[in-house]
Amino acid sequence: MSVIMTAAEGAGAAGMISMIVWMVLLFGLMYFLMIRPQKKEQKRVSAMLADMEVGDAVVTTGGFYGVIIDITDDDVIVEFGNNKNCRIPMRKAAIAEVEKAADGNA
């Protein structure tokens, strides 16, 4: 009887180890497919927002096109359209895309 119980305990331990290995592989796959690309995108967006300058053309998360006329730590003032009176302060996080201003010397 003791030989049968020892074999059963060995099979249970092997099953537990294989289940742990599969869980580690699953979490590793989830990290490389979900978490890592998200962190990479966050790093790209924060670099884009840090490189903004006065005169850059931007697109807001609402889909509005404008030009940056002033920048503070957390906010930007964006001028929309040809109307020089349409200047709206907004958070930097509301900027979806930035296109650098073209230099006149180039």
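Structure: see above.
The structure reproduced in this document is the subject of the present report. (Residues numbered from 1 in each chain as written. Predicted model: local features only at pLDDT ≥ 70, side-chain atom pairs only at ≥ 80, totals over all residues. Heavy atoms only, no water.)

With respect to the secondary-structure elements, E79 resides in strand β3 (residues 75-80). Owing to a relative accessible area of 11%, E79 belongs among the buried residues under this scheme. Polar side-chain contacts of E79 include one of 3.0 Å to the side chain of R87. Among all residues touching E79, those that are not within four sequence positions of it are G66, V67, I69, K84, C86 and R87. (Helix = DSSP H or I, 4+ residues; strand = E, 2+ residues; numbered from the N terminus. Buried < 20%, exposed > 50% of the residue type's maximum accessible area, 1.4 Å probe, protein only. Polar contact = N/O pair within 3.5 Å; in protein donor to acceptor, adjacent residues only side chain to side chain. Contact = heavy atoms within 4.5 Å.)

Here we take up the pattern of salt bridges. In total, this model carries four salt bridges according to the counting rule given. For R91, the salt bridge is made with D75, and the minimal N-O distance between the two is 3.5 Å. Taken together, the residues R91 in strand β4 (residues 87-91) and D75 in strand β3 connect sequence positions 16 residues apart. For R91, a relative accessible area of 51% translates into the label exposed. (Salt bridge = Lys/Arg side-chain N within 4 Å of Asp/Glu carboxyl O.)

Across five bridges, the pairing between β3 and β4 is antiparallel. Bridge pairing in β4 links V76 to M90. Between β3 and β4, which pair antiparallel and follow one another directly, the connecting turn spans six residues, one of which, G81, has a positive phi of 70°. (Pairing = 2+ DSSP bridges.)

Moving on: the sheet that holds strand β5 (residues 95-99). Taking strand neighbours across the sheet as the criterion, the five strands line up as β4-β3-β2-β1-β5 in an open arrangement whose pairing is antiparallel. Edge positions in the sheet fall to β4 and β5, since each has one partner strand and no second. Strand-to-strand twist across the sheet, computed as the mean angle between neighbouring axes with direction ignored, equals 40°. (Axes fitted to C-alpha atoms, helices over the stretch in contact; angles between N-to-C directions.)

Time to look at the pairing of strand β2 (residues 65-71). For strand β1 (residues 57-60) and β2, the ladder comprises three bridges, and the chain directions are antiparallel. Opposite A57, over in β2, you have V67 as the bridge partner. In terms of strand pairing, β2 meets β3 through five bridges, oriented antiparallel. Residue pairing across strands places V67 opposite E79, the latter belonging to β3. If you look at the hairpin formed by β2 and β3, you'll find three residues sitting between the two strands.

Residues M48, L49, M52, V58, I68, V76, V78, F80, M90 and I95 constitute the largest nonpolar core, which totals ten residues. Tallying contributions element by element places β3 first for this core, with three residues. With residues near it in sequence (within four places) discarded, M90 still touches T60, D74, D75, V76, V78, F80 and I95. (Core = buried A, V, L, I, M, F, W, Y, C linked by side-chain atoms within 4.5 Å.)

The final tally for this structure, using the stated rule, is two aromatic pairs. Between Y31 and F32 the ring centres are 5.3 Å apart and the planes differ by 80°, which places this aromatic pair in the edge-to-face class. Relative accessible area serves as the criterion here: at 36%, Y31 is assigned to the partly exposed category. A centroid spacing of 6.0 Å and a plane angle of 70° characterise the contact between F64 and F80, whose relative ring orientation is edge-to-face. Here F80 lies in strand β3 and F64 lies in the loop between β1 and β2, a separation of 16 residues in the sequence. The exposure class of F64 is exposed, given its relative accessible area of 53%. (Phe/Tyr/Trp six-rings, centres within 6.5 Å; stacked < 30°, edge-to-face > 60°.)

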